[in-house]
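Overview (structure and organization)
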Amino acid sequence: MPSNTLTRTRLAIVFTVGFAAALGPALVAATPAWSAEGGRPSISKKHFGTLAGGEKIDVYTLRNSGGMRVKILTYGGILQSIEVPDSRGRPANVTLGFDNLSDYVKKSPYFGCITGRYANRIAKGRFTLDGKTYRLATNDGPNHLHGGAKGFDKRVWKADPFRRGGSVGLVMTYTSPNGEEGYPGTLRTRVVYTLTGDNRIRMDYRATTSRPTVVNLTNHAYFNLRGEGNGRILGHELQINASRYTPVDKTLIPTGKTPGLGGTPLDFRAPTAIGDRIDNKHQQITRGGGYDHNYVLDGRGLRTAATVVEPDSGRVLKVITDQPGLQFYSGNFLDGTLRGTGGRLYPKRSGFALESQHFPDSPNHANFPSTVLRPGDVYRTTTIYAFSTVS
Ligand code: BGC
């Protein structure tokens, strides 16, 4: 059998997606046996695993002409693998993850997932809206974290593949029923992942509600631009376009103040290696066990929030977002017990997350930008992970 035929028969389903429309669901005619050879963008689907309740989970593989290959799970909308070339063209998977569904279900510290309904913390799992107090799970000490006991990271998302020009993508949808995890309102949620020809992963979020509610969605990818499982992230040079931040109490809830970063070891306005000041005795750094802070981004609209350069590989990641905040988490709670996609253990600080978001605990801070969504309004936000290299 000629090798290309063999390759074709091994591919579960490969879609030709030339006729796909822009951002609607069910965009693609499922025409089997078409591959990305020759650098054409493609998208294919395979079975990834089965949940205890019998639900089948798929993994979609997206390729572009820029040498990227991205895998996305219907479980949690998880970015399971992001292969990116280094400055010499050699690919590596730069995001932390697992090679099997069971580890995602049982042990994942939110690797690569869509995080909601409320990414980050809500103090004491409680907020009041229009005079009514809502109670949420306290799954992080006294606080609510990342949507509760079974947040969006643990839900099964519907996925519809599409192609548009040189881009391929997935429209992920999930409807969260009224009262799920204690949140009011049926929340219809859509996240469009687009892999562009110029090595960007673009995430367009949209949500509507049937009753007044709060919402704060993000993606929780952990990155190691040396390649996942390839050591710590301390040598990565980070720059964040923020002059202020939201300092936290001992339980990592914002105090409500937004002081300037000038003169603190949390200031990343000038590119600085993550490891340079990570063990500083500044009270905020000791509270987070390293960096675990929300930065108040400068400017408005879709703008570059952060740039990370990994000097050995030459890989560069830019996080572009329209959100007001960015949580920089330096992987302090990784402890060397999780075995990642490539079979290696993940030690402390072997991945970092840059989570575009509204500020933590906004429902309890009237001075923070509002996270309230009302019926008839549309929640929309966009974040882009843009990859490139320097030599
Ligand atoms: C939080 C960390 C938390 C982590 C969970 C981050 O967004 O800021 O405090 O431990 O998510 O993996």
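Residues numbered from 1 in each chain as written. Predicted model: local features only at pLDDT ≥ 70, side-chain atom pairs only at ≥ 80, totals over all residues. Heavy atoms only, no water.

1. Describing the site of the ligand
All residues adjacent to the ligand are Pro 109, Tyr 110, Arg 121, His 146, His 220, Tyr 222, Asp 292, Gln 327, Tyr 329, Phe 333 and Glu 355. Arg 121 has a polar side-chain atom sitting 2.7 Å from an oxygen atom of the ligand. Within the side chain of Asp 292, an N or O atom sits 2.4 Å from an oxygen atom of the ligand. Taken by itself the ligand offers 310 Å² of open surface, and the protein chains cover 94% of this. Taken together, the residues that form the shell around the ligand break down as 5 nonpolar, 3 polar and 3 charged. (Near = heavy atom within 4 Å. Polar contact = N/O pair within 3.5 Å; in protein donor to acceptor, adjacent residues only side chain to side chain. Areas by Shrake-Rupley, 256 points an atom, 1.4 Å probe, with all protein chains shown as cover. Nonpolar A, V, L, I, M, F, W, Y, C, P; charged D, E, K, R; others polar.)

2. Digging into the pairing of strand β24 (residues 315-321)
Counted residue by residue, β24 has 6 buried out of 7 residues, so it is predominantly covered. One ladder, built from 6 bridges, connects strand β23 (residues 303-309) with β24; its direction is antiparallel. The residue of β24 that forms the bridge with Thr 307 is Lys 318. The hairpin formed by β23 and β24 contains 5 residues between the paired strands, and Gly 314 there has a positive phi angle of roughly 80 degrees. Sheet topology note: the β24/strand β28 (residues 379-389) ladder contains 7 bridges and is antiparallel. Considered in β28, the bridge of Lys 318 is made with Ala 386. (Buried < 20%, exposed > 50% of the residue type's maximum accessible area, 1.4 Å probe, protein only. Helix = DSSP H or I, 4+ residues; strand = E, 2+ residues; numbered from the N terminus. Pairing = 2+ DSSP bridges.)

3. Observations concerning the pairing of strand β25 (residues 325-329)
In terms of burial, β25 is a largely internal element, 5 of the 5 residues being buried. One ladder, built from 5 bridges, connects strand β22 (residues 292-297) with β25; its direction is antiparallel. Its bridge partner lying in β25, Asp 292 is registered against Tyr 329. Where β25 lies against strand β26 (residues 352-357), 5 bridges are found, and the strand directions are antiparallel. When the bridges of β26 are listed, Tyr 329 appears paired with Ala 353.

4. Topic: the packing of aromatic side chains
A full pass over the atoms with the stated rule returns 19 aromatic pairs. An angle of 70 degrees between the planes, with centres 5.1 Å apart, marks the rings of Phe 268 and Tyr 291 as edge-to-face. Here Tyr 291 lies in the loop between α3 (283-288) and β22 and Phe 268 lies in the loop between β20 (242-246) and β21 (272-273), a separation of 23 residues in the sequence. The pair formed by Phe 268 and Tyr 291 is uniform in burial state, with each residue classed as buried. An aromatic cluster of three or more residues is present, and its members are Phe 48, Phe 98, Tyr 104, Phe 111, Tyr 222, Tyr 329, Phe 333 and Tyr 346. The ring of Phe 268 has Arg 277 sitting right over it, with the charged end atom 4.7 Å from the ring centre. (Phe/Tyr/Trp six-rings, centres within 6.5 Å; stacked < 30°, edge-to-face > 60°. Lys NZ or Arg CZ within 6 Å of the ring centre and 35° of its normal.)

5. Brief notes about the sheet that holds β26
In space, the 5 strands of this open sheet follow the order β18-β26-β25-β22-β20, with antiparallel pairing throughout. Every interior strand has two partners, whereas the edge strands, β18 (222-223) and β20, have only one.

6. What to know about the sheet that holds β21
In spatial order, the strands read β12-β13-β14-β15-β28-β24-β23-β19-β21; together these 9 strands make up an open sheet with antiparallel pairing. In this open sheet, the two edge strands, each paired with only one partner strand, are β12 (158-164) and β21.

7. Quick notes on unusual backbone geometry
Cis geometry marks the peptide bond from Gly 116 to Arg 117, where omega comes out at 0 degrees. Along the chain, Arg 117 falls in the loop between β7 (114-115) and β8 (121-122). Positive phi, normally seen in glycine, also occurs at Arg 349, with a value near 60 degrees. Within the fold, Arg 349 resides in the loop between β25 and β26. A relative accessible area of 7% places Arg 349 in the buried class. At Asp 361, a position not held by glycine, the phi torsion is positive, near 55 degrees.

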